[in-house]
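Spelled out, the chains give:
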Amino acid sequence: MKSLAYPRVSRLNEELRKEISDIIRNDLRDPRIAPMTSIIEVDCTRDLSYATVYISVLGSEQEKKDTIDALKSSSGYVRREVGRRIKARITPEILFKLDNSIERGVEMHKTIARVIEPNQIEEEDNE
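Draft legend 1. Spotlight on the overall build of the protein chain. From N to C terminus, the protein chain includes four helices and three strands. Reading the protein chain from its N terminus to its C terminus gives the helix and strand order α-β-β-α-α-β-α. A buried classification covers 33% of the 127 residues belonging to the protein chain. Expressed as a percentage of contacts within the protein chain between residues at least 6 apart in sequence, the contacts between residues at least 24 apart total 65%. Summing over all exposed atoms, the protein chain offers an accessible surface of approximately 8600 Å²; the carbon and sulfur share of this is 52%.

Here it is as structure tokens:
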């Protein structure tokens, strides 16, 4: 559920995204985390008890699996660091999920380009 009706949750989502991104980039030293890992979105529940962090990993399927496993195993550390950095009464439990929307978008773009290209060639031939 999107939190557009709850501005406080929206602000917290953005703040969590920034802080978790910084923690992953600068604090976590797990070699399983792929270098091309980015946070797509953070979605907190209304009661702020859980924050689902959608992660995109550019790499092979094994790199994606290893990165998610590493992030899940470090979620306690990430939550503790977030609680230390953000002044909130409740620090949500961090849940990491893999988001393949970027890869799907790239594949869709390639498919559309393959469909459009032959049509453009036919139109040029007819002129």
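Once the structure has been displayed, the description carries forward.
Draft legend 2. How the structure looks around a nonpolar patch on the surface. A cluster of nonpolar side chains, contributed by Ile-40, Ile-102 and Val-106, occupies part of the molecular surface with about 220 Å² of accessible area. Mapped onto the elements, Ile-102 comes out in helix α4 (residues 101-126).

Draft legend 3. Broad picture of the nonpolar core. Formed by 25 residues in total, the largest nonpolar core has its most connected members in Leu-16, Ile-20, Ile-24, Val-53, Ile-55, Val-78 and Phe-96. Apart from residues no more than four positions distant in its own chain, Ile-20 is found in contact with Ile-39, Val-53, Val-78, Val-82, Ile-94 and Phe-96.

Draft legend 4. Inspection of the pairing of strand β2 (residues 50-57) at higher detail. Within β2, six of the eight residues are buried, leaving the element largely enclosed by the surrounding structure. The pairing of strand β1 (residues 37-44) with β2 spans seven bridges and is classified as antiparallel. Directly across from Glu-41, in β2, lies its bridge partner Tyr-54. Hairpin connection, β1 to β2: the antiparallel pair is bridged by five residues, and Leu-48 has positive phi, about 65 degrees. Pairing geometry for β2 and strand β3 (residues 93-98), over six bridges, is parallel.

Draft legend 5. Layout of the layout of surface pockets. By volume, the largest pocket amounts to about 190 Å³. Lining the largest pocket are Ser-21, Ile-24, Arg-25, Leu-28, Asp-30, Ile-33, Ala-34, Pro-35, Thr-37, Ser-38, Ile-39 and Ile-55. For the lining of the largest pocket, a count of residues per class yields seven nonpolar, three polar and two charged.

Rules of the game
Residues numbered from 1 in each chain as written. Predicted model: local features only at pLDDT ≥ 70, side-chain atom pairs only at ≥ 80, totals over all residues. Heavy atoms only, no water. Helix = DSSP H or I, 4+ residues; strand = E, 2+ residues; numbered from the N terminus. Buried < 20%, exposed > 50% of the residue type's maximum accessible area, 1.4 Å probe, protein only. Contact = heavy atoms within 4.5 Å. Areas by Shrake-Rupley, 256 points an atom, 1.4 Å probe, with all protein chains shown as cover. Patch = residues over 30% accessible without salt bridge, like charges linked within 9 Å, V, L, I, M, F, W, Y side chains within 5 Å. Salt bridge = Lys/Arg side-chain N within 4 Å of Asp/Glu carboxyl O. Core = buried A, V, L, I, M, F, W, Y, C linked by side-chain atoms within 4.5 Å. Pairing = 2+ DSSP bridges. 1 Å grid on protein atoms, 1.4 Å probe; cavity = no way out; pocket = protein on both sides within 12 Å on 5 of 7 lines; lining within 4 Å. Points joined across faces, edges and corners; volume = space filled by probe spheres on them. Nonpolar A, V, L, I, M, F, W, Y, C, P; charged D, E, K, R; others polar.

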